Amino acid sequence: MLSRLVFLSASSLKGSGPIGAGLVQASRSLQTSSQSLAPVPPLPEKGGKVRHGLFPDELFQLLYPKTGVTGPYMLGTGLLVYLLSKEIYVINHETFAAASIGAVIIYGVKKFGPSVAAFADKLNEEKVAKAQEVKDLAMSSMAQAIEDEKKEQWRAEGRAMLFDAKRNNVAMLLETNYRERLHMVTNEVKRRLDYQIALQHLHRRMEQEHMINWVEKNVISSITPQQEKESIAKCIADLKALAKTTQAKATV
């Protein structure tokens, strides 16, 4: 029903000239434009200020500069008198029924409104408290996740230093192994050189002993028995002369 009414009004605006066409084009641009990504303002928790339980205070504030304080009341009274005088609104039994129902509603609101409002506020506060608890729990979990992520990033940064230390340890182990092998090779070479030196010394000593034995053997074999007796007699004579010289020195 409303769509047909809008369609008919649009058709009439198209036929009304350039102003109607401009309005239709503007309505189309508004309907087909992309949605705004701006945040939606939160709904107010309490309604605006009203007067007589029905009329908004903004209407009075709008009419005060032009009509004064009594302007809104005169406007309402004149509008009511106009509706009644022109029989736009006719008072009948439905009017009295509406007035009775309105009076009952007003009485119920005045009588039970505060308790119902307090109960509704309590329910709302409980819902808000549960939502706040869920929000705080989510915020705490997110904060803990952020702290864990920062800790993991710190560990990832320290992993490079750990790898450097491991590389240094491996390099030191390789250097130690290299030096141990080098020391082992040096000891082996020194041992073999010492063996060759000892072998040369052994050969030289054996040659010397062999030469000495050979010379002694040849010398002993070249001495005759007569020469041996003469040498022994000469030795005895030398010893006797030496003894006499020693006795002479002792007596002196």
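The residue numbering used here restarts from 1 in each chain and proceeds along that chain's sequence as written. Totals for whole chains, interfaces and linings use all residues, but because this is a predicted model, local features are given only for residues with pLDDT of at least 70 and pairs of side-chain atoms are given and counted only at 80 or more. Only heavy atoms go into the side-chain values, all of them from the structure, while hydrogens and water stay out.

## Focus on the overall build of the protein chain
Under the DSSP-based scheme used, a helix requires at least four consecutive residues in state H or I and a strand at least two consecutive residues in state E, with every element numbered from the N terminus. Per the secondary structure count, the protein chain includes 6 helices and 2 strands. Going through the 252 residues of the protein chain one by one, you find that 3% of them count as buried. Residue-level accessible areas treat just the shown protein chains as cover; the underlying method is Shrake-Rupley with a 1.4 Å probe. For the protein chain, the computed accessible surface area is about 23,400 Å², with 66% contributed by carbon and sulfur atoms. Under the scheme applied here, a residue whose accessible area is under 20% of the maximum for its type counts as buried, over 50% as exposed, and between as partly exposed, the area being computed with a 1.4 Å probe on protein chains only.

## Here's the deal with the confidence of the model for the protein chain
On average, residues of the protein chain carry a pLDDT of 81, and 84% of them reach 70 or more. Per-residue confidence from the predictor is reported as pLDDT, a score between 0 and 100. The lowest-confidence element of the protein chain is helix α1 (residues 2–14), averaging 42 in pLDDT; the highest-confidence one is helix α5 (residues 93–222), averaging 90. Confidence drops under a pLDDT of 50 for residues 1–31, and excluding neighbours within four residues, the segment shows 7 contacts in the predicted structure. Throughout, a contact is declared for two residues whenever any of their heavy atoms are within 4.5 Å.

## Some words on helix α4 (residues 71–85)
An expected span of 1.5 Å times one less than the residue number is assigned to each helix. With 15 residues, α4 should cover 21 Å at 1.5 Å per step; its first-to-last C-alpha distance of 21 Å lies within 8% of that length. Positive phi shows up at Glu-87, right after α4, with a value of about 55°.

## Thoughts on the pattern of salt bridges
Whenever a carboxyl oxygen of Asp or Glu lies within 4 Å of a side-chain nitrogen of Lys or Arg, that contact is scored as a salt bridge. Going through the model one piece at a time under the given rule, you end up with 7 salt bridges. Here Arg-155 and Glu-152 are joined by a salt bridge, their closest N and O atoms 3.3 Å apart. Of this pair, Arg-155 and Glu-152 both sit in helix α5, 3 residues apart, which is roughly one turn of the helix. Look at Arg-155 and you get partly exposed, because its relative accessible area is 46%.

## Some points on the layout of surface pockets
Detection works on a 1 Å grid of protein atoms alone, calling trapped sets that fit a 1.4 Å probe cavities and calling open sets with protein on both sides within 12 Å along at least five of seven lines pockets, with lining residues defined by an atom within 4 Å of a point. Grid points are joined across faces, edges and corners, and a volume is the space filled by probe spheres set on the points. Empty space within the largest pocket amounts to approximately 320 Å³. Around the largest pocket, the lining residues are His-52, Gly-53, Leu-54, Phe-55, Ile-106, Val-109 and Lys-110. Of the residues forming the lining of the largest pocket, the biggest block, 3 residues, is contributed by α5. By the convention adopted, Pro, Cys, Tyr, Trp, Phe, Met, Ile, Leu, Val and Ala count as nonpolar, Lys, Arg, Asp and Glu as charged, and the other residues, Gly among them, as polar. When its residues are assigned to classes, the lining of the largest pocket shows 4 nonpolar, 2 polar and 1 charged.

## Some remarks on the packing of aromatic side chains
Ring pairs are drawn from Phe, Tyr and Trp, using the six-membered ring of Trp, whenever the two centres fall within 6.5 Å, and their geometry is named by plane angle: stacked under 30 degrees, edge-to-face over 60, tilted for the rest. As enumerated under the stated definition, the model contains 1 aromatic pair in all. Consider the rings of Phe-60 and Tyr-73, whose centres lie 5.6 Å apart with planes at 50°: the pair is tilted. Remark: Tyr-73 occurs in helix α4 and Phe-60 occurs in helix α3 (residues 57–67); sequence separation between them is 13 residues. By relative accessible area, Phe-60 is classed as buried at 4%.

## As for unusual backbone geometry
Here Glu-87, not a glycine, exhibits a phi torsion of approximately 55°, which is positive. With respect to the helices, strands and loops of the structure, Glu-87 is situated in the loop between α4 and α5. Glu-87 gets classed as exposed once you look at its relative accessible area, which sits at 60%.

## Notes on the side chain of Asp-57
With respect to the element layout, Asp-57 can be found in helix α3. We classify Asp-57 as buried; its relative accessible area is 10%. Side chain to side chain, Asp-57 and Arg-51 meet in a polar contact 2.8 Å long. Setting aside anything within four residues of it in sequence, one finds Asp-57 in contact with Lys-49, Val-50 and Arg-51. In the analysis that follows, any N or O atom pair within 3.5 Å is treated as a polar contact, provided that within protein one partner can donate a hydrogen and the other can accept it, and provided that, for residues neighboring in sequence, both atoms belong to side chains.

## Side note on a nonpolar patch on the surface
Where nonpolar side chains cluster on the molecular surface, the patch consists of Leu-80, Leu-84, Tyr-89, Ile-91 and Phe-96 and spans about 510 Å² of accessible area. Following the sequence through the fold, Phe-96 ends up in helix α5. In this scheme, patches are assembled from residues that exceed 30% relative accessible area and form no salt bridge. Like charges are connected within 9 Å, while nonpolar side chains (Val, Leu, Ile, Met, Phe, Trp, Tyr) are connected within 5 Å.

## Description of the packing of α3 against α4
Note on geometry: axes are lines fitted to C-alpha atoms, helical ones only across the stretch in contact, with angles between N-to-C directions running from 0 to 180 degrees. Taken N-terminus to C-terminus, the directions of α3 and α4 make an angle of 100°; their axes are 8 Å apart at the nearest point. Looking at the two axes, α3 sits roughly perpendicular to α4. Contacts from Phe-60, Leu-63, Tyr-64 and Thr-67 in α3 reach Gly-71, Pro-72, Tyr-73 and Leu-75 in α4. The residue makeup of the contact of α3 with α4, split by class, is 6 nonpolar, 2 polar and no charged. Oblique is the label for every angle not falling under 35 degrees (roughly parallel), over 145 degrees (roughly antiparallel), or within 65 to 115 degrees (roughly perpendicular).

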